[in-house]
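Read off the chains here:
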Amino acid sequence: ARSAERPARRPDFKKLDADDVAYFKSVLSSPSSLVTTIPSPDGSWQTASEDDLVGYNVDWMDKYKGNSPVLLKPKTTDEVSKILAYCYKKRIAVVPQGGNTGLVGGGVPLYDELILSTEGILTADAGCILENLSTFLHPKGYMMPLDLGAKGSCHIGGNVATNAGGLRLLRYGSLHGTVLGIEAVLPDEKGTVLSVNIPGGDGAGALRKDNTGYDLKQLFIGSEGTLGVITGVSILTPRLPSAINVAVLSVPDFKSVQTVFKETRAQLGEILSAFEFFDQEGLEMVLHHTGAKSPFETEPENGRAFYVLIETSGSNKDHDDEKLGGLLESLLENETITDGTLAQDETQVQSLWSLRESLPEAAGKMGRVYKYDLSMPVKDMYSLVEEARERFKEKGLDKDGSIKTTVGYGHIGDGNLHINIVAKDWDEKVEKVIEPWIYEATSKRNGSISAEHGVGIMKSRALHYSKTEAAIGVMQQIRRLFDPRGILMPSKYLPMESDAPFEQ
Ligand code: FAD
Ligand code: MLT
Ligand code: ZN
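From a predicted model like this one, the values you see are computed outputs, not experimental measurements.

## A few points about the overall build of the protein
Regarding its fold elements, the protein presents 17 helices and 14 strands. Whereas a compact globule of 504 residues would reach a radius of gyration of roughly 23 Å, the protein reaches 23 Å, a difference of no more than 12%. C-alpha extents for the protein along the principal axes are approximately 75 × 55 × 45 Å. Out of the 504 residues in the protein, the part that is buried amounts to 56%. Summarising the internal contacts of the protein: among those between residues at least 6 apart in sequence, 73% fall at separations of at least 24. When the accessible surface of the protein is split by element, carbon and sulfur atoms take 51% of a total near 22,200 Å². Each charge class in the protein can be summarised by its mean position, and for the 54 positive and 70 negative side chains these summaries are 5 Å apart.

Next up, the structure:
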């Protein structure tokens, strides 16, 4: 991990060897489910090269790197169960992995942990790619209740494991509301399969309401692979709207972003489905790296503006057009907005969305990205971006080229700010200027150090900025209950993991 303190490998974890691989091979129904650099003594499996595993050992940002010699892609829940029961018995550390689009280093090993990927688990289960689920639902008139820029790669199991937020949480709510049931395999002696409100599973299935006891599925939403491996999900799918409008507006300052948000909520009400923002640095970065043209006719005064993307989704186009038209007219009239573009067709809807959705990729093309995903009252958001820029200037990090740009964007409608600090390289000196300062600055604003990306390895030791000691203690007890030997996600998610007692 690119971090000043890299937690040590726990010495009691077994080092994977040919006997372990032989066992895994015996429980996997397909030879393609096993990829390993460990040679077979009798030639019963093919030895992979390190290159075959590199995409699973390194994260999307190229920031966190592990060195696992074994990747398993089981096809069924039963295979996952046998693998986890074996890992429990042998004390083999495991990292569950979905589409590996996570942004906090959770989904890749730190050392030599076994990678247990959902890539092999197909039909309508945890390994389904989010976009494929949407494509499946659309002709039937339904949609997935979440959408994110990583939709082409992330898995629904990974989405639930991270409690991903995304671009339409404002409208459809968090996965804590839309996930109805979960099937998960526990890292215990039996590889217990826990089925909660899943159709065709044991017990009640995929009901909207079920008040029989603790709502265990909620624990798995956002558990980031620490409690078990999610193998199945049942989820509410809203009706696909028949009318969609997208507008991108330019406003002179951040205060105006807030005014537009207030007005938009008041005037659009139930048809509002996204309210996103990005700053001047963000727009310039995206235009530069995608080659797209600015959607605005005028240049901002003083060279700076803020940009807002508004989406409406409804069932009556005339009604929505009228409402959005009325909003834009009133905002132009009272000079809250300075410029704007309204998409005229589906292609324009996509190209306006792409200005916002391309931000993470554009930042990645520009350099190494220190990403912060913060939750706080909207009014306090942008001063943090400005303070960050001031701080980097004071420390000379912009002058010496260590930091190329600092970009602010995010899901205004959910009070979620993303700060991307684009550096020339991964650099301890830069990281020390940012952390823990940025967590303290967030804490001072009563914010949370993760709104939606989660904790992973990146923030496990910073959790106290957002959670009390008592809350962390209870979380550690819950984790031990599900994972008595601490084999899942070692050193990640919670602080002081190595101090916690493990079952012998
Ligand atoms: P991975 O990255 O493979 O894993 C993430 C974590 O979940 C790891 O801790 C892993 O151990 C665990 N995990 C994965 N699958 C399982 C499973 N089946 N059972 C148990 N644990 C599991 N996030 C947002 O919240 N909102 C956004 O708008 C958003 N946009 C993004 C845009 C881009 C371009 C990128 C690259 C990422 C974005 N993300 C966003 C982050 C990321 O896409 C999400 O966190 C996503 O939900 C991760 O899914 P995944 O399948 O890639 O999981
Ligand atoms: C986003 O909102 O674009 C995502 O959370 C990804 C990111 O911030 O990089
Ligand atoms: Zn986001």
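## Observations regarding the packing of helix H14 (residues 381-394) against helix H16 (residues 437-444)
Running from amino to carboxyl end, H14 crosses H16 at an angle of 150 degrees, the nearest separation of the two axes being 11 Å. The angle between H14 and H16 places the two elements in the roughly antiparallel class. In terms of crossing hand, the pair formed by H14 and H16 is right-handed. Only Trp 437, Ala 441 and Thr 442 of H16 make contact with H14, whose side of the interface consists of Leu 384, Glu 387, Ala 388 and Arg 391. Taken together, the residues that form the contact of H14 with H16 break down as four nonpolar, one polar and two charged.

## Regarding the site of ligand 2
Around ligand 2, the structure places Leu 103, Arg 356, Pro 360, Lys 371, Tyr 409, His 411, His 418, Glu 452 and His 453. Here an oxygen atom of ligand 2 sits 2.5 Å away from a polar atom, N or O, in the side chain of Lys 371. In isolation ligand 2 exposes 260 Å². Once the protein is present, 86% of that is buried. Residue composition of the shell around ligand 2, by class: three nonpolar, three polar and three charged.

## Thoughts on unusual backbone geometry
A cis amide bond, omega 5 degrees, links Glu 435 with the succeeding residue Pro 436. Within the secondary structure, Pro 436 sits in the loop between helix H15 (428-434) and H16. Even without being a glycine, Asp 62 presents a positive backbone phi close to 60 degrees. Summarising the element assignment, Asp 62 is placed in the loop between helix H2 (50-57) and strand S2 (70-72). The class for Asp 62 is partly exposed, based on a relative accessible area of 26%.

So, how was this worked out
Counting from 1, residues in each chain are numbered in the order their sequence is written. Going through the entries in the order they are written, you letter the chains from A and number the ligands from 1. With pLDDT at 70 or above as the cut-off, local features in this predicted model cover only qualifying residues; side-chain atom pairs require 80 or more to be listed or tallied, and sums for whole chains, interfaces and linings still use all residues. Working from all heavy atoms in the structure, the side-chain values ignore hydrogens and water. Put simply, DSSP H or I for four residues or longer makes a helix, DSSP E for two residues or longer makes a strand, and each gets a number counted from the N terminus. Between the two quantities, the radius of gyration covers C-alpha atoms and the globule rule is 2.2 Å times the number of residues to the power 0.38. Think of it in three bands: residues with accessible area under 20% of the maximum for their type are buried, residues over 50% are exposed, and the middle band is partly exposed, with areas taken using a 1.4 Å probe on protein chains only. We call two residues in contact when some of their heavy atoms are within 4.5 Å. All accessibility values rest on the Shrake-Rupley procedure with a 1.4 Å probe; residue burial counts only the protein chains present in the view. Lys and Arg are tallied as positive, Asp and Glu as negative. Neither His nor the chain termini are counted. Positions of charges follow a simple convention, taking NZ of Lys, CZ of Arg, CG of Asp or CD of Glu. To get an axis, a line is fitted to the C-alpha atoms, and for a helix only the part in contact is used. The angle between two axes follows their N-to-C directions and goes from 0 to 180 degrees. Angles are sorted into four bins: roughly parallel if under 35 degrees, roughly antiparallel if over 145, roughly perpendicular if 65 to 115, and oblique for all others. What makes a crossing left-handed is the near helix being turned counterclockwise from the far one by less than a right angle; a clockwise turn instead makes it right-handed. The nonpolar class holds Ala, Val, Leu, Ile, Met, Phe, Trp, Tyr, Cys and Pro. Asp, Glu, Lys and Arg form the charged class, and all remaining residues, Gly among them, are polar. Neighbouring residues are identified by heavy atoms, a residue being near a molecule or strand if any of them is within 4 Å of it. Polar contact criterion, stated in full: a pair of N or O atoms within 3.5 Å, where within protein one must be able to donate a hydrogen and the other to accept it, and residues adjacent in sequence count only if both atoms are side-chain atoms.

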